[in-house]
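What the coordinates show
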Amino acid sequence: AVVSTQSTGMSPYLLFGIYGIFMGLILFVVFVFIAKATASLTDKRRLQLEFFDTEVDKMMPFPSIHSVHSLDLSIVIPAYNESKRLPVFLDVLFPYLSVVSYSYEIIVVDDGSKDTTTDMVHSYSKKYGSNIIRCMKLPANKGKGGAVRQGILSARGKEILFADADGATDINDLEKVRKSLHDLLEKSNTKYGIAVGSRAHLQDEAVANRSFLRNILMYGFHMFVYLVGGISNIKDTQCGFKLFSRSAAQAIFPQMNIERWAFDVEIFVIANILGIEATEVAVNWEEIDGSKIVPIYSWLEMAKDLLMIRTRYMIGAWAVTERLKAE
């Protein structure tokens, strides 16, 4: 016999609410189970890769970030099918670096490209030398976060900059970002710090030039980062222009898990757990055609990753096990 809401003495709204809560709990348990079951799928090892050394004319192994630094600055550029956009950036980058007073290297991480990205970078290595620019060819596509991680784990610099291949951030802002990092390290009397290039000051202009849908997605993602990711100290987590002290990079990147678009958020999650300070610096930024981000799909992927980050750290499936070394 069918039991009516009248016989139970409950209103249909109350029953619907109870049913909704019950289904929500079931979905939450299933999500937590999936998050825990898949938490160990990320390969956190540093890949043993080689680069072509133009001085000895043969392949040589990349060094480890855990070695003592031998240069002042490393610039890590993740690249996936960037044979057209990356040369434009490099042709701006090299004239800028040619007049600086510090030593540097450029590591281009080819993230399983299907075009001629690797050959293009090798042509620059032949011109400038592999001590200046070298290509790290990943055996398969790992995602932007995975490419950045592998490049940073093989950097030689005392400071390490991650920069997008499109050169959207004005390289002339590098010294401003470096100064901000130096000021942070000196003020806090520490060797751990991050300086983050930020486009937050450009938001009003971006809102004026973007469609209503893109603005809704942008605001929604920022709110999601704040509410779900738990990041409140950084306004622009996604700008591809971040500078790390070597000690901060040594502490953060070996412990990272996310390999796709939301990896930036995990950087700050780990930094906050470790007590590593970050400073935000306004930079000049210009949107460049050819972005690999597919507006709705990529943001949904990032939203899923943010939920996974929050859930896995909350239930202990992921943990920051290596703490900062005493200074």
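Look up: the structure comes first, before these words.
1. Brief notes about the packing of helix α3 (residues 85-97) against helix α4 (residues 117-128)
Two packed helices can be described by the angle between their axes and the distance between those axes. Interaxial distance between α3 and α4 falls to 11 Å at its minimum, and their mutual angle equals 20°. As far as their axial angle goes, α4 and α3 are roughly parallel. Of the two elements, α3 crosses α4, and the hand of that crossing is right-handed. Residues Leu86, Pro87, Leu90, Asp91 and Phe94 of α3 touch α4, and the partners they reach there are Met120, Val121, Tyr124 and Tyr128. In terms of residue class, the contact of α3 with α4 is made up of eight nonpolar, no polar and one charged.

2. Let's talk about the sheet that holds strand β4 (residues 104-110)
Pairing is mixed across the open sheet formed by seven strands, whose spatial order is β5-β4-β3-β6-β8-β7-β9. A single partner strand is all that each edge strand has here, and the edge strands are β5 (133-137) and β9 (278-282). Each adjacent strand pair in this sheet contributes to an overall mean axis angle of 20°, direction not counted. Where strand β6 (residues 157-163) meets strand β8 (residues 241-245), five bridges bridge the pair, whose relative direction is antiparallel. Following the sheet pairing, Ile160 is matched in β8 by Phe244. Across the sheet, α3 lies against β3 (71-79), β4, β5 and β6, angled at about 170° from β3, the strand it touches most.

3. Digging into the nonpolar core
Membership of the largest hydrophobic core comes to 50 residues, with the highest contact counts inside it found for Ile152, Ile194, Ile252, Phe253, Ile267 and Ile276. Those elements giving two or more residues to this core turn out to be β4, α5 (144-152), β6, β7 (194-198), α8 (212-229), α9 (246-252), α10 (263-274) and α11 (295-315). A total of eight residues in this core trace back to one element, the largest contributor, which is α10. Apart from residues lying up to four places away in sequence, Ile194 is in contact with Leu181, Leu184, Leu243, Phe244, Ile252, Ile267, Ala271, Ile276, Glu277, Ala278 and Thr279. Membership of the second largest hydrophobic core comes to 34 residues, among which are Tyr104, Ile106, Leu161 and Leu185.

What counts, and where the lines are drawn
Residues numbered from 1 in each chain as written. Predicted model: local features only at pLDDT ≥ 70, side-chain atom pairs only at ≥ 80, totals over all residues. Heavy atoms only, no water. Axes fitted to C-alpha atoms, helices over the stretch in contact; angles between N-to-C directions. Helix = DSSP H or I, 4+ residues; strand = E, 2+ residues; numbered from the N terminus. Parallel < 35°, antiparallel > 145°, perpendicular 65-115°, else oblique. Left-handed = near helix turned anticlockwise from the far one by under 90°. Contact = heavy atoms within 4.5 Å. Nonpolar A, V, L, I, M, F, W, Y, C, P; charged D, E, K, R; others polar. Pairing = 2+ DSSP bridges. Core = buried A, V, L, I, M, F, W, Y, C linked by side-chain atoms within 4.5 Å. Buried < 20%, exposed > 50% of the residue type's maximum accessible area, 1.4 Å probe, protein only.

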